[in-house]
Amino acid sequence: MSPALTNFKTIPMLWLDSALLTSPSRSAGTLCDSDGQVFVKPCTQAEIDFYELTKSKYPDFADLMPLHIGNLVLSGPGEMDIGDIGDGLQTDPEQVLATIQEQVANAARECQTEDTITWVPSQGKKIQTNMSVVLENQTNGFKRPNVLDVKLGTRLYADDAPKQKQERFQQISKETTHHNLGFRIAGMRVFRGSQDPSELDDREYKNYDKDYGRFTVNDDNVVNELKRFIFNEAAGIDEDLGKAVCATFARELGTIIDVMSDHNIRMYSSSLLFVYEGDGEALKDAIRLNTEYAKRSTGPPATKRIDSGIGLDDEDQALEQLPPPVLKLKLIDFAHATWTPGSGPDENTIKGEIERPHGRTRESIGVLTAPHIQIDATSPKTASFQTNTVHSSTRIIVLKPSWEWRFEVPAGRKITVKALSGTAEKDGVELALRNAYSFSAIKSKILTWHGCELEVDGRTDDEFVAEYASPAANPANAHVNLHARLNEMRTAAMYERREGPRVLIAGPPTTGKTTLVRTLASYATRQGFEPIVVNADPKEGMLSLPGTLSASVFATVMDPEAVDGWGTTPTSGPSTVPVKLPLVYYYGRNLPDDDPEFYRELTSKIAGTVSGRLSEDEAVRSSGVIVDSMGVSEKSKIGEDLLAHIVDELSINIIVVLGSNRMTAELSKRFSTERTSLGEPIQIVGLDRSEGVVERDEGFLEYSREQAIKEYFFGDARRALSPQIQQTDFDALVIYKASDYSAYEKATLSRDEPSSVMQHWTLAVMHASPKDPPEVEAGRPDMGTA
Ligand SMILES: Nc1ncnc2c1ncn2[C@@H]1O[C@H](COP(=O)(O)OP(=O)(O)OP(=O)(O)O)[C@@H](O)[C@H]1O
């Protein structure tokens, strides 16, 4: 049988061999590469799909899983039955590693030993598999890995499991710690885990097979049994060292619970895989080396330099220098895992990860840190230590004038940035010196005009210093010039008591439009102007949820840490940065072309309100308007028409086109003879796109949108928010849903009845009489969101 990799470069593959792994195990279907770095696990297409979807759409969740390197197709498709994968496993203690390491062929083994029917999402029919996932081997790099597999959940079967299977698994759950605690020890392996040499294998491991977790471990002894995994004087792991391991696992588990709580997923029979260095001396060495590494490190593990204009990749070098691992904790086995949007967090799985000790504000204390284990977090000896999986290092980045530090932080990770000296700004907002700013799920930049020193703590996914020979070489220079020109116009307008510039920022997708709008708004407020900013791009919300169009006066500083990059509203709770009060219209769709009529109607309404505000408020009038528009591809006729509608309605007199000569030329032609409603000519300015502007994939954007929704309802980590609860009878509510737009069906809204399907929906609340027709409802501003 010759393996062929689908999306992974060829690597020498061997059948799993005792000489290559930390434990001998020769299990059918299981492969390992020659240096033990990867682990190949036979699986179904559903599991491959789950890995791939998670990697592309939910990167923070993918961080909780073993790294998915690719997929493997074995030759002779159709020859292998998933039920065959488990042949020969389980009986010999030496073979238990297969259970423990990534639960190789877990589903199949369960099927063979616990049920006669193969449990795969095919209604119990046996399916054939010639596929495997190629994963990072979690035990790689350890000298003597101790491994513990904890199967999670009270319920162990998915909805599509056959009835017999369901009954069998219900029975298992009832008879084991699954029932009350929501988890069970599925396998364990401890270096020198017994004083009796006859209980150890030839590599000095004591192996606990799955029967141990089913028949020996119960609710009363589970904590003591778990202690066997960690507190092991015979291997040199004393009380202090063991407590430090527990505390570090608890911290990692906290992250897993936090991320899982943010997602809508259902997992059955998944596990947590705990791995740590089981040799006390090697463990102490690894802790020391990791601590030294963290202290010594002045740069992130993967820093790209652009010295002499040549990109140097330090990644390989940095990886070689990494200290040995101390411990790892991953979620594994996704044979029965699916993403279930709208279903809420997976309480069944999370239950197994949580113990609720009294008096702790945070509930994310895991099985290994149950109160009985008594971690003394105050003793320096027992404090948790840094592992290289969550390695972070403090480093200083020195930027010369007009340079940018560009960075990407994935969802679920956080960095803090302090400007130590000089001046630094993020999207036009100047960073206060020595103030720590936190950023998560972000792709952005810090720019300096005069040079600065930044202190950065935390691991980024990518970062890069963009060096420019002179300020003029940085496209941001054009933004400053544009701002200077707008300010001249504002000052003139102030003296003449008329309207200041109304600017529309347009361009194809991902050209830096929103960044420029934020920068211009921030520069204006820093100089005492009070422009109205209009967000005409429903894809991302401004001071409101995604799917809305909004406008707000910006008279005070913006909040660079805000999840949407703009700031907060009074509904987001108390804030150190002044809040803004936006006018919001609910559009309910991603793109303007999804319902152009309704989009036109709403932008006209916003324009009406903006015009009212301009005429009432002198300071706002002379400051003018800045509009962020949707990305319009160069050949989109409808996109161009919608832009023209915004230009007309908001009396735009300056159109800035980013990153497209063609669009600049077309708009110049279109507006060359037109005048605004105030009789001014319409100027078109073409600006270059910065090469720093980055694509944000759908997974990243979806996560950002989810965070914006969460922040809207619950505040953020910096401020607690108690959402207002107002109870209303369902009879008093009229609920409308955006109907599917078609050229024939012009109705924007269709009536919907309250039902359980609406759980986790966000509803825009509008003040209207229940008798009002949908057209009237649709055009009203939101009072808020429920
Ligand atoms: N110079 C830069 N360096 C690094 N990142 C940047 C830079 N300019 C913009 N970005 C980032 O690139 C991403 C895309 O930029 P932005 O949202 O401004 O583009 P856009 O044209 O508004 O996109 P869309 O068409 O999707 O609305 C953002 O995450 C932004 O923070």
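These numbers were taken from a predicted model, which means no experiment stands behind them.

What counts, and where the lines are drawn
Residues numbered from 1 in each chain as written. Predicted model: local features only at pLDDT ≥ 70, side-chain atom pairs only at ≥ 80, totals over all residues. Heavy atoms only, no water. UniProt positions renumbered as here; feature names shortened; annotations may be inferred. Helix = DSSP H or I, 4+ residues; strand = E, 2+ residues; numbered from the N terminus. Buried < 20%, exposed > 50% of the residue type's maximum accessible area, 1.4 Å probe, protein only. Contact = heavy atoms within 4.5 Å. Polar contact = N/O pair within 3.5 Å; in protein donor to acceptor, adjacent residues only side chain to side chain. Core = buried A, V, L, I, M, F, W, Y, C linked by side-chain atoms within 4.5 Å. Near = heavy atom within 4 Å. Areas by Shrake-Rupley, 256 points an atom, 1.4 Å probe, with all protein chains shown as cover. Nonpolar A, V, L, I, M, F, W, Y, C, P; charged D, E, K, R; others polar. pLDDT = per-residue confidence, 0-100.

Taking the numbering used here, the UniProt-annotated feature "binding site: ATP" (unreviewed entry) corresponds to Glu404, Lys443, Thr510, Thr511, Gly512, Lys513, Thr514 and Thr515. Residue position: Glu404 is located in strand β17 (residues 404-422). What makes Glu404 buried here is its relative accessible area of 2%. Setting aside residues up to four positions removed in sequence, Glu404 forms contacts with Leu399, Lys445, Ile446, Leu447, Phe464, Val465, Ala466, Asn474 and Ala476. A distance of 2.8 Å separates a polar atom in the side chain of Glu404 from a polar atom in the side chain of Arg406.

Moving on, we get to the nonpolar core. Core analysis: the largest hydrophobic core is formed by 53 residues, its most contacted members being Phe61 and Leu331. Considering every element that reaches this core, the biggest residue donor is helix α9 (residues 239-261), with nine residues. Counting 35 residues, the second largest nonpolar core, distinct from the first, contains Val632, Leu642, Val647 and Ile655.

This next bit is on the site of the ligand. Looking at the ligand, there are 20 residues lining it, with Lys443, Lys513, Thr514, Thr515 and Lys539 nearest. Side-chain polar atom of Arg406 to a nitrogen atom of the ligand: 3.4 Å apart, as the coordinates give it. Taking Asp537, its side chain carries an N or O atom lying 3.2 Å from an oxygen atom of the ligand. Protein contacts shield 94% of the accessible area of the ligand, which totals 630 Å² for the unbound molecule. Of all the elements in the fold, those that place two or more residues in the shell around the ligand are β17, β20 (437-447) and α14 (513-526). Considered class by class, the residues forming the shell around the ligand number three nonpolar, eight polar and nine charged.

Before going further, it helps to examine the confidence of the model for the chain. As a general rule, the predicted coordinates of low-pLDDT regions are not to be interpreted in detail. The pLDDT averaged across the chain works out to 75; a share of 70% of its residues lies at or above 70. For the chain, strand β12 (residues 304-305) is the element with the lowest average pLDDT, namely 30, and strand β23 (residues 502-506) is the one with the highest, namely 97. Every residue in residues 1-29 is under pLDDT 50, and counting partners more than four places away or in other chains gives 85 contacts. This model gives residues 355-392 a pLDDT under 50, and the stretch forms 100 contacts once residues within four places in sequence are excluded. Note on the complex model: pTM 0.52, ipTM 0.92.

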